[in-house]
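As a plain string of letters, each chain reads:
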Amino acid sequence: MPGLAITVVDRRFDSSGKTAQVWVPWELGDGTVSVGQEVRLTGFEGEEVGSGIVRHVRSLKWMDKRKMVQLEVDSNLATEVAGIMIQDPEFGSPDTYDYGSANDQTMVCLCERVTKTDIARLVRLGLRDMNAIKAATRCGMGACNGKTCESLVRQVLMEEGVPPKSIVGYVKRPFIMELPLSALLKETKQ
Amino acid sequence: MTDIVVIGAGAVGLPAAYFLAQEGIHVTLVDKEPCAGQGNFKAALGGIRATHSDPAKITLCLDSLRTFSTWEEKTGTDIGWKMGGYCFPVYRQQDETTLKSMLPIQHQHNLKIDWLDADGIKKVVPGIKEEGLIGGTLSVEDGQASPLLFAASLTKECKELGVEFRFNENAEQVLTKDNRVVGVKTDKATIAADYVLNAAGCRAAQIAAIANISIPVAPDSHEGGVSMPMKHFLDPLIVDLRPGPEGRTSNFYFGQTKDGSIIFCYSPSPIIPGEDRRCTSEFLPIIANRMMEMMPRLKNLLIRRLWRGQYPATPDGSPILGQAANLDGLYLAVGMCGQGFMMGPGVGRNMAHYIATGKPYLETSLFESLSPQRDFYARKEALK
């Protein structure tokens, strides 16, 4: 809604006083508003205030490319109207999509540095087997051997709406902690 | 309606599906597990060698190596590929004789492999026990990759090529009509198809049986382990062909992955038949002794995780590839003898071309040496 912060309100045309004519400046190109069209109206802060009907589009040579648009509006709105909104209201509205876990950088696996986002992305690709998630991310293959992340990965799957019954858990493997090779030597040699 | 049902989304079935789809064939993959690679694919250690004694296996694995080494370039996905070679250090005269006798055939089939003296081996295997070291072979273009990453990447690529996955589904019967395959009946559905590929790994014999075919594939168990990652110091995978002094190992092998972990495994002696995948308490003390004997510097290595998997073994140590004799449309890519990961892409590419065109890429005589109709007791792979 480009224009100056100046409008002209003319209440002479409707003797009942229900409507008023408001002139607003208009700087967008030809054809963006046309006579008889119902348009959405904006106030001085760009907020939407109601609707009106275009009665006249005036374009004179000395006005360069600027036009004057005459709008018929509800009399009560007349002094609030400052411009016209022609953009689709959906366009440019804030993104309200819920990213949930997919936008969460919380660490699920500290050993291999795997975040909730990493897991959620794979779940959204259709993975339900925690072993497939493990294979793709190394989540659960670090020094703790999956002690920490197992329940967390399961939790992310559930937060993503996966029914607990269709979740396949980790295959458990020894050890529960890392052991040096020398600790495992057979003593028969001594 | 699908063109082919591949039974088994594992080390062989996945690459086969991938190459079949690239041949323009519509593939349906059936697997009883909840996702791809959950059988023995993920139990593989990740070594990829064309260092074999059998010309067909050498050629198939050279083919695989081309897929592994160019995978990241082609798909943009890192599968942990590392071209570090395979090294067979030798401490016994008889092993020197065995390995040297294979060199002419290996060279003839384009394998880059050389015999190194003891000093040469010491250079490529820093810290190896010097006492009694005679020398050994090094095949520099062999390598390693991560079976887990490769399975995940293959699954993604297959989906993009339109392969249909059916998980948690058990193939129960191969449907036939006038001695021709017409589909597969599973516990959940009947899938009409012109062809069936048995790529069921350790369950290959059971799956063959649902088509009334008998094949000599029997699983035996092996355990493996992995350490914490450490600074890279070891390029090749090391295979020690000596049996262990404890009387339980016929050889053992270890190496360092691209991410720095040390991976290790041995071949039990006698073999342990069966499909039990629980780890034993026996494995680690035995392999700890063997690794420390050969490379004492590993004493502080922190061992992180162990697992157990099965080799789908054939009597002669070579895979079974080809078409079933008595049933049109039934193909077999089974009996990888623990080398499904390294042979998978080569086998998959050849089987796909064979199914699509009637001809594999492999020379006919080599392909036929792996036929399901061969004499399984005529010869034996020297480097099983």
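Residues numbered from 1 in each chain as written. Chains lettered and ligands numbered in written order. Predicted model: local features only at pLDDT ≥ 70, side-chain atom pairs only at ≥ 80, totals over all residues.

Asks: Quick question: what am I supposed to make of the overall build of chain B here?
Replies: Within chain B, the regular secondary structure consists of nine helices and 18 strands. In terms of overall dimensions, chain B is globule-like: its C-alpha atoms have a radius of gyration of 20 Å, near the 21 Å expected for 384 residues. C-alpha atoms of chain B, sized along the principal axes, occupy 65 × 40 × 40 Å. The 384 residues of chain B split such that 55% are buried. Contacts in chain B between residues far apart in sequence, at least 24 positions, make up 72% of those at least 6 positions apart. (Helix = DSSP H or I, 4+ residues; strand = E, 2+ residues; numbered from the N terminus. Rg over C-alpha atoms; globule rule 2.2 N^0.38 Å. Buried ≥ 20, exposed ≤ 12 C-beta atoms within 10 Å, placed from the backbone. Contact = placed C-beta atoms within 7 Å.)

Asks: It is not clear to me how the nonpolar core should be interpreted in this structure. Could you clarify?
Replies: Nonpolar side chains in soluble globular proteins tend to be buried together. Judged by nonpolar contacts, the single largest core of 141 residues is most densely connected at Ile4, Ala16, Ala17, Val196, Leu197 and Ala333 of chain B. The dominant element in this core, judged by the number of residues it contributes, is helix 8 (residues 340–357) of chain B, at eight residues. With residues near it in sequence (within four places) discarded, Ala333 of chain B still touches Val12, Ala16, Leu197, Ala199, Leu321, Val347 and Met351 of chain B. Membership of the second largest hydrophobic core comes to 11 residues, among which are Ala20, Leu71, Val73 and Val81 of chain A. (Core = buried A, V, L, I, M, F, W, Y, C linked by C-beta atoms within 7 Å.)

Asks: Quick question: what am I supposed to make of the interface of chain B and chain A here?
Replies: Opposite the 25 residues of chain B that make contact, chain A presents 20 residues. Those elements that provide at least two residues to the side of chain B that touches chain A are helix 5 (147–160), helix 7 (283–294) and strand 16 (302–313) of chain B. Of the residues belonging to the side of chain B that touches chain A, the class tally is 18 nonpolar, three polar and four charged. Note: strand 9 (residues 179–180) of chain A against strand 16 of chain B, two bridges, orientation antiparallel. Along strand 16 of chain B, the bridge assignment pairs Pro180 of chain A with Leu302 of chain B. (Nonpolar A, V, L, I, M, F, W, Y, C, P; charged D, E, K, R; others polar. Pairing = 2+ DSSP bridges.)

Asks: For this particular structure, what's the right way to read the domain arrangement of chain A?
Replies: Quite often, the size of an interface is put as the accessible area lost when its parts meet. By the assigned domains, chain A splits into domain 1 (8–85) and domain 2 (100–177). One C-alpha centre belongs to domain 1 of chain A, the other to domain 2 of chain A; they are set 58 Å apart. (Domains from an automatic or database assignment.)

Asks: I'm lost on the pairing of strand 6 (residues 135–139) of chain B in this one. Help?
Replies: As a general feature of sheets, a regular strand has side chains that alternate between the two faces. Residue and element names in this part refer to chain B. Taken across its five residues, strand 6 has five buried, putting it largely inside the fold. Taking every second residue as pointing to the same face, both faces of strand 6 are buried, with Gly135, Thr137 and Ser139 on one and Gly136 and Leu138 on the other. When strand 4 (residues 86–90) meets strand 6, the two strands line up antiparallel, connected through five bridges. Its bridge partner lying in strand 6, Pro89 is registered against Gly136. Here strand 5 (residues 114–117) runs beside strand 6; their pairing, made up of four bridges, is antiparallel. Within the sheet, the bridge partner assigned to Asp114 lies in strand 6 and is Leu138.

Asks: Mind showing me how you'd approach the domain arrangement of chain B here?
Replies: All names here are of chain B. Partitioning chain B into structural domains gives domain 1 (2–63 + 147–216 + 316–368) and domain 2 (82–143 + 219–311). Opposite the 17 residues of domain 1 that make contact, domain 2 presents 24 residues. Looking at the side of domain 1 that touches domain 2, the elements that each hand over two or more residues are strand 3 (47–48) and helix 2 (55–75). By residue number, the principal contributor to the side of domain 1 that touches domain 2 is helix 2, which donates four residues. Considering only residue class, the side of domain 1 that touches domain 2 consists of nine nonpolar, seven polar and one charged.

Asks: Help me understand the packing of helix 1 (residues 13–22) of chain B against helix 8 of chain B, please; the structure alone is not making it clear to me.
Replies: Two numbers describe a pair of packed helices, the interaxial angle and the distance between the axes. Residue and element names in this part refer to chain B. Packing of helix 1 against helix 8 brings their axes to within 8 Å, and their N-to-C directions diverge by 40°. Viewed along their axes, helix 1 and helix 8 adopt a mutual orientation that is oblique. Taken as a pair, helix 1 and helix 8 cross one another with a handedness that is right-handed. Packed against helix 1, whose contacting residues are Pro15, Ala16, Tyr18, Phe19 and Leu20, the element helix 8 presents Gly344, Pro345, Gly348, Arg349, Met351, Ala352 and Ile355 at the interface. Residues that form the contact of helix 1 with helix 8 fall into these classes: nine nonpolar, two polar and one charged. (Axes fitted to C-alpha atoms, helices over the stretch in contact; angles between N-to-C directions. Parallel < 35°, antiparallel > 145°, perpendicular 65-115°, else oblique. Left-handed = near helix turned anticlockwise from the far one by under 90°.)

Asks: Got a minute to help me understand the confidence of the model for chain A in this structure?
Replies: Detailed reading of the predicted coordinates is not advisable wherever pLDDT falls low. Looking at chain A as a whole, its pLDDT mean stands at 87, while 90% of the residues score no less than 70. The secondary-structure element of chain A with the lowest mean pLDDT is strand 6 (residues 83–85) of chain A, recorded at 90, while strand 8 (residues 114–115) of chain A shows the highest, at 94. (pLDDT = per-residue confidence, 0-100.)

Asks: How should I be thinking about the packing of helix 1 of chain B against helix 5 of chain B in this particular structure?
Replies: All names here are of chain B. For the pair helix 1 and helix 5, the least separation of the axes is 9 Å and the interaxial angle reads 30°. One finds that helix 1 runs roughly parallel with respect to helix 5. Crossing hand, helix 1 versus helix 5: left-handed. Contact residues: helix 1 offers Leu14, Pro15, Ala17, Tyr18 and Ala21, while helix 5 offers Ala151, Leu154, Thr155, Glu157 and Cys158.

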